[in-house]
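# Residue-level structure breakdown
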Amino acid sequence: MNRKWIVAIATMFSFSALVAGLSVADEGGPLHDLMEKVNVKNGAIKKATRSKVNYAKAQKELPALVEELVKLSKDAKELSKDAVKKAKNVKDAEKQWAELSDAFTKELEKFHVKVSDTKTNAEQAKSAYSPVSQSCTKCHDVFRVEEDGF
Ligand code: HEC
C-alpha cells in the first residue's frame, strides 16, 4: 500500500479512538454523580410509599430522607455551569436550569410537609410524590435526558 494511505488510515483510527474516549469521559462529571445520588433517594422514597406495609415501616425516616433530597436539589441548582455546558440547543439554558431546579426543590418541600404529618397515609403520600416526579421529568425534557430505566 502507498505510504500516504497508511498514514491516512492510521490517522483515522486514532481520531475515532479519541472521539470514543471523549464520549466516555462525557458520561461522568459532577452533575452525573449528583443525579445518581438523586436517583437512589428517589428510589427509596418510591419504595417507602409503594404500599401500606412499606409506608408503616419507613414513615419515621421519610422526612429526613426528603430533606437529603432537598439538599441535593439545591446542589443541582449550583451545578448550572455543568448543565449549561452539556445542554445543546436549549434556549436560555441558565435561566431554565435555575427555574427547573427551584421547582424541583419547591415540590420536595411540599412533599416534606405532607410526609411529616403523621396523619398522612400511604396512598396520600404516594400521590403527593407525583408532582415531584413530574418535576424530574420536566427538567429531563428540557435538558434532553433519556428517562427509560428510572
Ligand atoms: C433541574 C433539572 C433536573 C431535575 C429537576 C432532575 N434531573 Fe435528573 N438529570 C438532569 C440532567 C441534566 C441529567 C444528565 C446528567 C449527566 O449525565 O451529566 C440528569 C440525569 C439523570 C439520571 C441519569 C444519571 C446519569 O447521568 O447517568 C437519572 C437517573 C436522573 N437524572 C434521575 C432524576 C430523578 C429521579 C429526579 C427527580 C427526583 C431528577 N433526576 C431531577 C437534570 C435534572
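This text goes with the structure placed above it.
Note that the structure is a prediction, hence the values are computed from the model and not measured. (Residues numbered from 1 in each chain as written. Predicted model: local features only at pLDDT ≥ 70, side-chain atom pairs only at ≥ 80, totals over all residues.)

## Thoughts on the site of the ligand
The test is simple: Each residue receives a C-beta atom built from its backbone; the residue is near a molecule or strand if that atom lies within 6 Å of it. In this description a helix means any DSSP run of H or I spanning at least four residues, a strand means any run of E spanning at least two, and both kinds are numbered starting from the N terminus. Polar here means any residue outside two lists: the nonpolar Ala, Val, Leu, Ile, Met, Phe, Trp, Tyr, Cys and Pro, and the charged Asp, Glu, Lys and Arg; Gly therefore counts as polar.
The environment of the ligand is formed by 23 residues, the closest being Met-35, Asn-42, Phe-104, Cys-136 and Cys-139. Looking at the shell around the ligand, the elements that each hand over two or more residues are α2 (30–48), α5 (80–86), α6 (93–116) and α7 (122–142). Ranked by residue count, the leading element in the shell around the ligand is α2, at seven residues. Of the residues assigned to the shell around the ligand, the class counts are 14 nonpolar, seven polar and two charged.

## A few points about helix α4 (residues 62–78)
The following threshold applies: For a helix, the expected span equals 1.5 Å multiplied by the residue count minus one. With C-beta atoms placed from the backbone, a residue counts as buried when 20 or more other C-beta atoms lie within 10 Å of its own, as exposed when 12 or fewer do, and as partly exposed for counts between those limits. What the arc measures is the spread of directions leading from the helix axis to the C-beta atoms.
In this model, α4 (17 residues) spans 25 Å end to end at C-alpha, consistent with the 24 Å of a helix rising 1.5 Å per residue. Turning to α4, its buried residues are Leu-62, Val-66, Leu-69, Leu-72, Ser-73 and Ala-76. Take α4 and look down its axis: the buried residues cluster within an arc of 115 degrees, on one side only. In α4, those exposed residues whose orientation departs by more than 90 degrees from the buried face are Ala-64 and Glu-78.

## Overview of the environment of Val-113
Within the fold, Val-113 resides in helix α6. Assessed through the 12 C-beta atoms surrounding it within 10 Å, Val-113 is described here as exposed. Sequence separation of Val-113 and Pro-63 is 50 residues, and the distance between their C-alpha atoms is 8.2 Å.

## Details of the nonpolar core
Put simply, the rule reads: A set of buried Ala, Val, Leu, Ile, Met, Phe, Trp, Tyr and Cys residues, joined to one another through C-beta atoms within 7 Å, is what we call a nonpolar core. Working definition of a contact: two residues with C-beta atoms, positioned from the backbone, lying within 7 Å.
By size, the foremost hydrophobic cluster in this structure holds 19 residues, and its most contacted members are Val-66, Leu-69, Leu-108, Phe-111, Val-115 and Tyr-129. Secondary-structure elements contributing two or more residues to this core are α2, α4, α6 and α7. Per element, the largest residue contribution to this core is six residues, and it comes from α6. Residues contacting Val-66, with those up to four places away along its chain left out, are Ile-45, Leu-108, Phe-111, His-112 and Val-115.

## Observations concerning unusual backbone geometry
Here Asp-92, not a glycine, exhibits a phi torsion of approximately 45 degrees, which is positive. Note on placement: Asp-92 falls in the loop between α5 and α6. Looking at Asp-92, the number of C-beta atoms within 10 Å reads 10, which means it is exposed. The backbone of Arg-144 shows a phi angle near 55 degrees, a positive value even though the residue is not glycine. Structurally, Arg-144 can be placed in the segment after α7. Given 11 C-beta atoms within a 10 Å radius, Arg-144 is considered exposed.

## Description of the packing of α4 against α6
Here is the rule: Note on definitions: angles span 0 to 180 degrees between N-to-C directions of axes, and those axes are lines fitted to C-alpha atoms, for helices only across the stretch in contact. Orientation is classified from the angle alone, with under 35 degrees giving roughly parallel, over 145 giving roughly antiparallel, 65 to 115 giving roughly perpendicular, and any other angle giving oblique.
The geometry of α4 relative to α6 is characterised by a closest axis approach of 9 Å and an angle of 170 degrees between their N-to-C directions. One element, α4, and the other, α6, form an angle in the roughly antiparallel class. Facing Leu-62, Pro-63, Val-66, Glu-67, Leu-69, Val-70, Ser-73, Lys-74, Ala-76 and Lys-77 of α4, the residues of α6 in contact are Ala-98, Ser-101, Asp-102, Phe-104, Thr-105, Leu-108, Glu-109, Phe-111, His-112, Val-115 and Ser-116. Per-class residue counts for the contact of α4 with α6 are eleven nonpolar, five polar and five charged.

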